[in-house]
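Examination of the molecular architecture
Letter by letter, the chains look like this.
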Amino acid sequence: MDNVVDVSRFPLEEQRQEAVAKRRIGLGVTGLADALIMMRAHYGGERAVTLARTWLAGLRREAYLASTRLAKEKGPFPLFDAEAYLAGETVAGLDRDVREAIAANGIRNALLTSIAPTGTISLFADNISSGLEPVFAFSYTRNVLMPDGTRRSEEVTDYALRLWRRMRGESAPLPDYFVDAQGLRPADHIRMQAAVQEYIDSSISKTINVPEDIAFEDFKDVYLEAYRLGCKGCTTYRPNDVTGAVLEAPAAADAEPLLPLDEPGSETPGDAFETAGVIHLTRPLDRPEVLPGRTYKLRWPESDHAIYLTVNDVVRNGRRRPFEVFINSKNMDHYAWTLGLTRMISAVFRRGGDVSFVVEELKAVFDPRGGSWMDGRYVPSLLAAIGDVLETHMTNIGFISDSGESIGSVGEPHRRSASCPRCGLPGLIHQEGCHLCTSCGFSKCA
């Protein structure tokens, strides 16, 4: 790892100088959760914390001793200052013989240990658990991006599970130290991160899973507890319909049965929370070559040219959902904002999840100059009219219900009085070709 500093080709000379001056490396671990399972230790429990500290302390000790040997052979990192370095808080916690070796030889690397995200590395290592993370799920589906842009679903099983099956048989129930991310409390994650942090020079890649229905006070306490225990950072993941991971856990009904742990002093697993059945995305869906769609013609009374909205859909699991939008008009006054709106809405649609909120956001836009009457009802702005078209399309393809909260579409009678853009009261009427407020006297034609 030290040699990597010398052979790396940095884009900028300043980057190379920074790397060579400190020679930082990030020696870490992966597969910690699987190792704990093999030691019959429940992730986040007292015994797991003790084991993690023992292992990481050994890793840190050997890393520092190896770096002092490299310093004796090749010299310490250029910015090394023996007096300042040995006075550091982290170095002060090292074993006496390690500090003496540093004082005698210097040290080759300014920082040595880190816990990096090792998702791909752990897959290559026969799908062991990643970094210090718990096992995500012992069996799950991983969506693999293929060279032609398509995705292929692969069933994946954890290494510890396969080892257990080889040793005990395919039908052997799993002891309760086979715990995954869905069955842990946030406190279990924090304890493990804090235990490992003590022996890490730089950063830790760690995600603390929290249940979707977590109360705000409980969520806040996660960060406060991480701070209290000395964690340098805290990253949480709360399941939702918009963002998340490329992994999908099996439903609770498909989970492995657990056996009581017969180990004295073992801890009871925390309350489980359900995240199965929801697919989360961290990157937009890839666009298929051909998409079904519809084009809608929208005439805004104040524009000489019609606006054409094309909404294309994608079919996922037998359900049709909006995927992208194109807004076009001969009126060049609309070009900049329609192009921006096209890109923004399409970006939201391609993220997946419940995107019906786009309709409500557009329909809530009021033009301070006043809207227009269309098909016997008042539409407060051109953007609101576009929102009506999108709602009509989503209803037609069955993405939203026409009896749900998203009410109204182009051509549907409006049953509410229109609101005045000046006073906000529902007293706007259409009279003699002009909009007039019966409450404050506002007139668009005045």
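Definitions and limits used
Residues numbered from 1 in each chain as written. Predicted model: local features only at pLDDT ≥ 70, side-chain atom pairs only at ≥ 80, totals over all residues. Heavy atoms only, no water. Salt bridge = Lys/Arg side-chain N within 4 Å of Asp/Glu carboxyl O. Helix = DSSP H or I, 4+ residues; strand = E, 2+ residues; numbered from the N terminus. 1 Å grid on protein atoms, 1.4 Å probe; cavity = no way out; pocket = protein on both sides within 12 Å on 5 of 7 lines; lining within 4 Å. Points joined across faces, edges and corners; volume = space filled by probe spheres on them. Expected span 1.5 Å × (residues − 1). Contact = heavy atoms within 4.5 Å. Core = buried A, V, L, I, M, F, W, Y, C linked by side-chain atoms within 4.5 Å. Buried < 20%, exposed > 50% of the residue type's maximum accessible area, 1.4 Å probe, protein only. Axes fitted to C-alpha atoms, helices over the stretch in contact; angles between N-to-C directions. Parallel < 35°, antiparallel > 145°, perpendicular 65-115°, else oblique. Left-handed = near helix turned anticlockwise from the far one by under 90°. Nonpolar A, V, L, I, M, F, W, Y, C, P; charged D, E, K, R; others polar. Phe/Tyr/Trp six-rings, centres within 6.5 Å; stacked < 30°, edge-to-face > 60°. Arc of directions from axis to C-beta.

Things to note about the pattern of salt bridges
Going through the model one piece at a time under the given rule, you end up with 20 salt bridges. Salt-bridge contacts for Asp6 lead to Arg23; the nearest nitrogen and oxygen are separated by 3.0 Å. One end of the pair, Asp6, is in helix H1 (residues 2-7); the other, Arg23, is in the loop between helix H2 (13-22) and helix H3 (32-38), and 17 residues separate them in sequence. Among the ionic pairs, Arg162 bridges to Asp126, the shortest N-O distance being 3.3 Å. One end of the pair, Arg162, is in helix H9 (residues 159-168); the other, Asp126, is in the loop between helix H8 (119-124) and strand E1 (139-145), and 36 residues separate them in sequence. Taken together, the shared-partner salt bridges connect Asp2, Asp6, Arg23 and Arg108 into one network.

Things to note about empty space enclosed by the protein
Taken as a whole and assessed by the stated rule, the structure comprises 2 cavities of 30 Å³ or more. In this structure, the largest cavity encloses a volume near 50 Å³. Lining the largest cavity we find Ala33, Leu36, Ile37, Ala41, Tyr43, Pro134, Val135, Tyr177 and Val179.

Points about helix H12 (residues 335-350)
The terminal C-alpha atoms of H12, which comprises 16 residues, lie 22 Å apart, in line with the 22 Å expected from a rise of 1.5 Å per residue. Lining the buried residues of H12 we find strand E10 (319-329), helix H13 (357-363) and helix H14 (382-396). Residue Gly352 follows H12 closely and has a positive phi angle near 85°.

Here we look at the nonpolar core
In this structure, Leu36, Tyr43, Phe178, Met192 and Val196 are the most contacted members of the largest nonpolar core, which totals 31 residues. Among the elements that line this core, the one with the most residues is helix H4 (residues 46-74), at 6 residues. Not counting the four nearest positions on each side in its chain, Leu36 is found in contact with Ala41, Tyr43, Ala48, Leu51, Trp55 and Met192. One finds Tyr296, Val359, Met394 and Ile397 within the second-largest nonpolar core, a separate group that totals 27 residues.

Considering the packing of H4 against helix H10 (residues 186-197)
Axis angle and axis distance: for two packed helices, these are the angle between their axes and the distance between the axes, and together they describe the pair. Axis separation between H4 and H10 bottoms out at 9 Å; the angle between their running directions is 25°. One way to sum up the angle between H4 and H10 is to call them roughly parallel. In this structure, H4 meets H10 at a crossing whose hand is right-handed. Within the contact between the two elements, H4 uses Ala48, Val49, Ala52, Arg53 and Leu56 and H10 uses Arg191, Met192, Ala195 and Val196. Here the residues of the contact of H4 with H10 are counted per class, giving 7 nonpolar, no polar and 2 charged.

Quick word on the packing of H12 against H14
Look at H12 against H14: their axes get within 13 Å of each other, and the N-to-C directions meet at 35°. When the axes of H12 and H14 are compared, the crossing they make is right-handed. Seen from H12, the contacting residues are Trp337, Leu341, Ile345 and Phe349; seen from H14, they are Leu382, Leu383, Ile386, Leu390 and Met394.

Here's the deal with the packing of aromatic side chains
A full pass over the atoms with the stated rule returns 8 aromatic pairs. Seen from their ring centres, Trp164 and Phe178 are 5.4 Å apart, and the 65° between their planes marks the pair as edge-to-face. Within this pair, whereas Trp164 is found in helix H9, its partner Phe178 is found in the loop between strand E3 (174-175) and H10, the two being separated by 14 residues in sequence. Of the residues examined, Trp164 reaches a relative accessible area of 10% and is grouped as buried. Residue class for Phe178 comes out buried when judged on its relative accessible area of 5%. In this structure an aromatic cluster arises from ring pairing among Phe138, Trp164, Tyr177 and Phe178.

What about helix H7 (residues 96-105)?
Buried within H7 we find Val98, Ala101 and Ile102. For H7, the angular spread of the buried residues around the axis is 100°, confining them to a single face. For H7, the exposed residues set more than 90 degrees away from the buried face come down to Arg96 and Ala104. Looking at the buried positions of H7, the neighbouring elements they touch are H4, helix H5 (82-86) and helix H6 (89-92).

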